[in-house]
Amino acid sequence: MSILSHRLLNISAKFVHILPAQPCLLCGAPSQSGLCCAACDAELPRLTGKHCPICALPAPTGDVCGECLKQPPAFDHTVAAFSYNFPLNKLIQSLKFRERLILVNYLADAVLKRVTATPDCLVALPLHPVRLRERGFNQSMLLARRISRRLGIPLLVHACERVRNTPPQSSLPWKERDKNMRQAFTCKPDTDVRGKHVAIVDDVMTTGASIGELAHALKLAGAGEVSAWVVARTLPHDH
Ligand SMILES: [Zn+2]
Ligand SMILES: [Zn+2]
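Residues numbered from 1 in each chain as written. Chains lettered and ligands numbered in written order. Predicted model: local features only at pLDDT ≥ 70, side-chain atom pairs only at ≥ 80, totals over all residues. Heavy atoms only, no water.

**Student:** How do you make sense of the coordination of the zinc ion (ligand 2) when you look at a structure like this?
**Tutor:** Metal coordination angles have textbook ideals: 109.5 degrees for a tetrahedral set of four donors and 90 or 180 degrees for an octahedral set of six. Around the zinc ion (ligand 2), the protein contributes the donor atoms Cys 52 (SG), Cys 55 (SG), Cys 65 (SG) and Cys 68 (SG), at 2.3 Å from the metal centre. In this structure, the zinc ion (ligand 2) is surrounded by four donor atoms whose angles at the metal cover 106 to 114 degrees, and the resulting shape is tetrahedral. Written as a sequence motif, the donor arrangement for the zinc ion (ligand 2) is C-x2-C-x9-C-x2-C. Remark: Cys 65 occurs in the loop between helix H2 (38-43) and helix H3 (66-70) and Cys 52 occurs in the loop between H2 and H3; sequence separation between them is 13 residues. For the pair Cys 52 and Cys 65, a shared accessibility class is recorded, and that class is buried. (Donors = N, O, S within 2.8 Å, 3.2 Å for Na, K, Ca; no water. Tetrahedral: all angles 85-135°; square planar, octahedral: opposite > 155°, others 65-115°. Helix = DSSP H or I, 4+ residues; strand = E, 2+ residues; numbered from the N terminus. Buried < 20%, exposed > 50% of the residue type's maximum accessible area, 1.4 Å probe, protein only.)

And the structure:
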């Protein structure tokens, strides 16, 4: 993201409360925040109820689910604020594809409301440099910057990279997504995560394959514990 867009993001966050009411991004009704009106905010699909502590999918007893017992992912916990359903999916798409960067703080703060343990540091799920050039910004990095500032913990901006430009996960059937992501990420040799608790920040967790691969790379680099912090979790029956 350019320095200018960064400044604009900071300026808009500062002045949002003194601006006149702006249309809600979802329904067009007046909204003081310029994001969601109170009615739409109340409609957002917050993840409630008992869920598996590792993958955040609903689990009736709140214990580790069968899938995670059978094949534990490389990450140890997941924190997710919402399910990836209407109308939250529209907000994430506006952020990613229409550069509604004003959503960054709102969505990052929703994740923070769910966080119970503070890790030692954060990493954002990296985009491949080619994809980053096309989009101009990495929404996960923007979310992670906000979270890092609010928690006062370091964000390791250059620690991990995406070394394979894989086809978008959304273009593949679920079964092929694990294979598609294999060895997609590396941690730079000077990354100091040895024995540390690292949280990976991303916008949406669908199968968990991407975050799982990055968590695997972090563990190979010595990370002691890896958490996944996502704005939204796709629930299998929604697919
Ligand atoms: Zn609304
Ligand atoms: Zn699970």
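On we go.
**Student:** Just to check I follow, could you spell out the sheet that holds strand S3 (residues 77-83) for this structure?
**Tutor:** The pairing of strands in a sheet happens through backbone hydrogen bonds and is either parallel or antiparallel. With respect to topology, four strands assemble into an open sheet ordered S3-S8-S7-S4, the strand pairing being parallel. The open sheet has two edge strands with one neighbour each: S3 and strand S4 (121-124). Strand-to-strand twist across the sheet, computed as the mean angle between neighbouring axes with direction ignored, equals 20 degrees. Pairing analysis gives four bridges linking S4 to strand S7 (residues 197-205), with the strands arranged parallel. The residue of S7 that forms the bridge with Cys 121 is Val 198. Sheet strands in contact with helix H4 (residues 88-97) are S3, S7 and strand S8 (225-233), and its direction is about 105 degrees off that of S8. Lying on the sheet, helix H9 (residues 209-220) is in contact with S4, S7 and S8; it crosses S7 at an angle near 165 degrees. (Pairing = 2+ DSSP bridges. Axes fitted to C-alpha atoms, helices over the stretch in contact; angles between N-to-C directions. Contact = heavy atoms within 4.5 Å.)

**Student:** Mind showing me how you'd approach the packing of H4 against helix H5 (residues 103-112) here?
**Tutor:** Axes are the key here: two packed helices are described by the angle between their axes and the distance separating the axes. Packing of H4 against H5 brings their axes to within 10 Å, and their N-to-C directions diverge by 135 degrees. By the angle between their directions, the pair H4 and H5 is classed as oblique. In this structure, the crossing between H4 and H5 has a hand that is left-handed. Across from Leu 88, Leu 91, Ile 92, Ser 94 and Leu 95 in H4, the residues of H5 making contact are Leu 103, Val 104, Tyr 106 and Leu 107. Of the residues contributing to the contact of H4 with H5, the split by class is eight nonpolar, one polar and no charged. (Parallel < 35°, antiparallel > 145°, perpendicular 65-115°, else oblique. Left-handed = near helix turned anticlockwise from the far one by under 90°. Nonpolar A, V, L, I, M, F, W, Y, C, P; charged D, E, K, R; others polar.)

**Student:** How do you make sense of the pattern of salt bridges when you look at a structure like this?
**Tutor:** Pairing between side chains of opposite charge can happen when their charged atoms approach one another. Scanning the entire structure with this criterion turns up seven salt bridges. The shortest N-O distance in the salt bridge between Lys 219 and Asp 76 comes to 2.9 Å. On the criterion of sequence distance, the pair formed by Lys 219 in helix H9 and Asp 76 in the loop between H3 and S3 is long-range, its members being 143 residues apart. In this structure Lys 219 comes out as partly exposed when scored by relative accessible area, which is 29%. Among the residues examined, Asp 76 registers a relative accessible area of 26% and is labelled partly exposed. For Asp 192, the salt bridge identified is with Lys 196, shortest N-O distance 3.7 Å. (Salt bridge = Lys/Arg side-chain N within 4 Å of Asp/Glu carboxyl O.)

**Student:** What exactly am I supposed to notice about the nonpolar core here?
**Tutor:** Soluble globular proteins tend to pack their nonpolar side chains together in the buried interior. Residues Phe 82, Leu 88, Leu 107, Leu 122, Ile 147, Trp 229 and Val 231 are the most contacted members of the largest nonpolar core, which totals 38 residues. Mapped onto this core, the elements with two or more residues apiece are S3, H4, H5, S4, helix H7 (139-151), S7 and S8. Looking at this core, the element that brings in the most residues is H5, giving seven residues. Inspection of this core shows a minimum of three residues originating in each of domain 1 (1-43) and domain 2 (49-238). The contacts of Ile 147, once residues within four sequence positions are left out, are Ala 108, Val 111, Leu 112, Leu 122, Val 201 and Trp 229. In this structure, Cys 68, Val 123, Cys 160 and Ala 215 belong to the second largest nonpolar core, which totals 36 residues. (Core = buried A, V, L, I, M, F, W, Y, C linked by side-chain atoms within 4.5 Å. Domains from an automatic or database assignment.)

**Student:** Got a minute to help me understand unusual backbone geometry in this structure?
**Tutor:** In terms of backbone geometry, most residues other than glycine have negative phi values and most peptide bonds are trans. Residue Pro 87 is bonded to the preceding Phe 86 through a cis peptide linkage, with omega at -5 degrees. Tracing the backbone through its elements, the reader meets Pro 87 in the loop between S3 and H4. A positive phi angle, near 50 degrees, is found at Glu 99, a position not held by glycine. Looking at where Glu 99 falls in the secondary structure, it is placed in the loop between H4 and H5. For Glu 99, a relative accessible area of 49% puts it in the partly exposed group.

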